[in-house]
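Descriptive structure summary
Spelled out from the first residue to the last, the chains are:
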Amino acid sequence: MKKIYPDAAAALDGLLFDGMHLCVGGFGLCGIPERLIDAIRETGVKDLTIASNNAGIDNEGLGKLLRSKQVKKMISSYVGENKEFERQFLSGELEVEFCPQGTLAERCRAGGAGIPGFYTKTGVGTQVAEGKEVKSFDGEDYILERGIFADVCLIKGWKADKAGNLMFRKTARNFNAPMATAGKICVAEVEEIVEVGELDPDAIHLPSIYVKRLIDGSPYDKKIEFRMTREKEAI
């Protein structure tokens, strides 16, 4: 089966449609599938529901899809630092489902494992629990959270071999691993593709069985969300 594609547009060909559900890896601007996001923006596909830890920042990451009005609903944990997100939410243009960070990761993991739902204490007694089933276990209340399973998941890795085995680098692993299993088709972009056998089997974070389409998106400009500096003190 063909797994390696020449670019992001080719890798997404035939997969996108209006109203679809996407799972997108990344945390802030770390480990985001930026080439695939750019390709989605170019297609003009709209009314997207996107599960992602956050929505990027203005004009970076998923913020680009918000700016182009292609997103209908966000399922997210952290949405600060994005003025366009804030504007669309407050004006009623964007539907938002806030989800605690650990719960979001587990919802994606559960979806990928074929688990339709699970109970958690996180969010009990808050707005997160509104409209959700509450069940008591050993005298403690838990809320039912549904697993997430998307039409397509988009992730960013560090290295891959030609079979599609993937490695993530340090914190860029973040939400990419659970998101990778939570969709019918996983499309990945990486910084380098090597020959089969060059990756240490014990260092592979995501087996090739989960990766259906793969691109080499290099070179990348490693963006820093907020650069904080100070003057060097005199000795």
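To start, this report covers the structure provided alongside it. Values in this document were obtained by computation on a predicted structure and should not be read as measured data.

**A closer look at the side chain of Glu84**
Structurally, the position occupied by Glu84 is in helix α4 (residues 83-90). By relative accessible area, Glu84 is classed as buried at 8%. The contacts of Glu84, once residues within four sequence positions are left out, are Asp58, Leu66, Arg67 and Lys69.

**Looking at the layout of surface pockets**
The calculated volume of the largest pocket comes to roughly 380 Å³. In terms of residue count, the dominant contributor to the lining of the largest pocket is helix α2 (residues 34-43) (three residues). A breakdown of the residues in the lining of the largest pocket according to their chemical character gives nine nonpolar, four polar and eleven charged.

**A look at empty space enclosed by the protein**
A complete count under the given rule lists one cavity of 30 Å³ or more for this structure. Residue classes in the lining of the largest cavity are distributed as five nonpolar, six polar and no charged.

**Some details on the sheet that holds strand β11 (residues 183-190)**
Judged by pairing direction, the sheet is parallel, and its seven strands sit side by side in the order β4-β3-β2-β1-β8-β11-β13 without closing on themselves. Each end of this open sheet is capped by a strand with a single partner; those strands are β4 (95-98) and β13 (213-216). If you compare each strand with its neighbour and ignore which way they point, the axes differ by 20° on average. Sheet topology note: the strand β3 (residues 71-76)/β4 ladder contains four bridges and is parallel. Among the inter-strand pairings, Met74 is bridged to a residue of β4, identified as Val96. Contacting β1 (21-24), β2 (48-51), β8 (150-156), β11 and β13, α2 crosses the sheet at an angle of about 115° to β11.

**Focus: the pairing of β11**
Burial of β11 is extensive: six of the eight residues sit out of reach of the surface. Bridge analysis of β8 against β11 gives six bridges, and the strand direction is parallel. Paired with Lys156 across the bridge in β11 is Glu189. Examined bridge by bridge, β11 and β13 share four bridges and lie parallel to one another. Looking at the pairing, Val190 lines up with Asp216 of β13.

Thresholds applied
- Residues numbered from 1 in each chain as written.
- Predicted model: local features only at pLDDT ≥ 70, side-chain atom pairs only at ≥ 80, totals over all residues.
- Heavy atoms only, no water.
- Helix = DSSP H or I, 4+ residues; strand = E, 2+ residues; numbered from the N terminus.
- Buried < 20%, exposed > 50% of the residue type's maximum accessible area, 1.4 Å probe, protein only.
- Contact = heavy atoms within 4.5 Å.
- 1 Å grid on protein atoms, 1.4 Å probe; cavity = no way out; pocket = protein on both sides within 12 Å on 5 of 7 lines; lining within 4 Å.
- Points joined across faces, edges and corners; volume = space filled by probe spheres on them.
- Nonpolar A, V, L, I, M, F, W, Y, C, P; charged D, E, K, R; others polar.
- Pairing = 2+ DSSP bridges.
- Axes fitted to C-alpha atoms, helices over the stretch in contact; angles between N-to-C directions.

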